[in-house]
Amino acid sequence: MVNLVNKMVLLFAVLLLAISLAESKIKETENVEGQYHLERSNSNYQVQKNGQGSLQSSQCPGQCSRRCSQTQYKKPCLFFCQKCCRTCLCVPTGYYGNKAECPCYNNWKTKEGGPKCP
């Protein structure tokens, strides 16, 4: 009887461990695109990189103005950049490229398979 109780306790512990690992894996998967984190410096948070979630939605217009400042197609660039920024909460650095900094921004595709975000 004691052997059975020990086995049940061990099984319960293994089950809890498996659930805990599965839960952390789910959270990790949900946050896989937000790989960049904030560092605390002089009571202000500073973003290490422009990763997903590094911006607040109020910062999107300014970041998109910067991103789209050198294109000849400003209106569509700003429209789609702001749409992407509101969803991903990031805008890659520079005027083009650098999309690897923001996987959500990079991986959002049109129906035809082209990039959705400028």
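The shown structure was predicted, so the numbers you read here are calculated from the model rather than taken from an experiment.

Calculation notes
Residues numbered from 1 in each chain as written. Predicted model: local features only at pLDDT ≥ 70, side-chain atom pairs only at ≥ 80, totals over all residues. Heavy atoms only, no water. Helix = DSSP H or I, 4+ residues; strand = E, 2+ residues; numbered from the N terminus. Buried < 20%, exposed > 50% of the residue type's maximum accessible area, 1.4 Å probe, protein only. Contact = heavy atoms within 4.5 Å. Areas by Shrake-Rupley, 256 points an atom, 1.4 Å probe, with all protein chains shown as cover. Arc of directions from axis to C-beta. pLDDT = per-residue confidence, 0-100. Patch = residues over 30% accessible without salt bridge, like charges linked within 9 Å, V, L, I, M, F, W, Y side chains within 5 Å. Salt bridge = Lys/Arg side-chain N within 4 Å of Asp/Glu carboxyl O. Polar contact = N/O pair within 3.5 Å; in protein donor to acceptor, adjacent residues only side chain to side chain. Expected span 1.5 Å × (residues − 1). Axes fitted to C-alpha atoms, helices over the stretch in contact; angles between N-to-C directions. Parallel < 35°, antiparallel > 145°, perpendicular 65-115°, else oblique. Left-handed = near helix turned anticlockwise from the far one by under 90°.

### Remarks on the overall build of the protein
- For the protein, the helix and strand inventory stands at 4 helices and 2 strands.
- The helix and strand sequence of the protein, counted from the amino end, reads α-β-β-α-α-α.
- Every one of the 118 residues in the protein was classed for burial, and the buried ones make up 19%.
- Contacts in the protein between residues at least 24 apart in sequence constitute 50% of all its contacts with a sequence separation of at least 6.
- Here the protein displays about 8,700 Å² of accessible surface, and carbon together with sulfur accounts for 58% of that area.

### Here's the deal with helix H2 (residues 60-67)
- Among all positions of H2, only Cys60, Cys64 and Arg67 are buried. Each buried residue of H2 sits inside an arc of 55° when the element is viewed along its axis, so together they form one side.
- Those residues of H2 that are buried are in contact with helix H3 (74-88) and helix H4 (103-107).

### Things to note about the environment of Pro103
- Summarising the element assignment, Pro103 is placed in helix H4.
- Pro103 sits in the buried class, given a relative accessible area of 18%.

### Details of the confidence of the model for the protein
- Mean pLDDT for the protein: 75, with 69% of residues reaching 70 or above.
- When mean pLDDT is taken per element in the protein, H2 scores highest with 94 and strand S2 (residues 44-47) scores lowest with 36.
- Across residues 27-49 the pLDDT falls below 50, and counting only partners more than four positions away or on other chains, this stretch makes 25 contacts in the model.

### Some thoughts on a nonpolar patch on the surface
- Side chains of Met1, Leu4, Val5, Met8, Val9 and Leu11 sit close together on the surface and give an oily, nonpolar patch of about 670 Å² of accessible area.
- Examined against the element boundaries, Met1 turns out to sit in the segment before helix H1 (2-30).

### Topic: the side chain of Glu101
- Relative to the elements of secondary structure, Glu101 occurs in the loop between H3 and H4.
- Among the polar contacts made by the side chain of Glu101, one reaches the side chain of Thr93 at a distance of 2.8 Å.

### Here we look at H3
- For H3, with 15 residues, the first-to-last C-alpha span of 20 Å sits near the 21 Å given by 1.5 Å per residue.
- Among the residues making up H3, those that are buried are Cys77, Cys81, Cys84, Cys85 and Cys88. The arc enclosing the buried residues of H3, seen along the axis, measures out at 100°, which places them on a common side. Along H3, the residues that are exposed and aim more than 90 degrees away from the buried face are Lys75 and Arg86.

### Some remarks on the packing of H2 against H3
- Two elements in contact, H2 and H3, have axes separated by 9 Å at closest approach and are oriented at 135°. Considered as vectors, H2 and H3 are oriented oblique to each other. The interaxial crossing formed by H2 with H3 has right-handed handedness. Within the contact between the two elements, H2 uses Cys60, Pro61, Cys64, Ser65 and Arg67 and H3 uses Leu78, Cys81, Gln82, Cys85 and Arg86.

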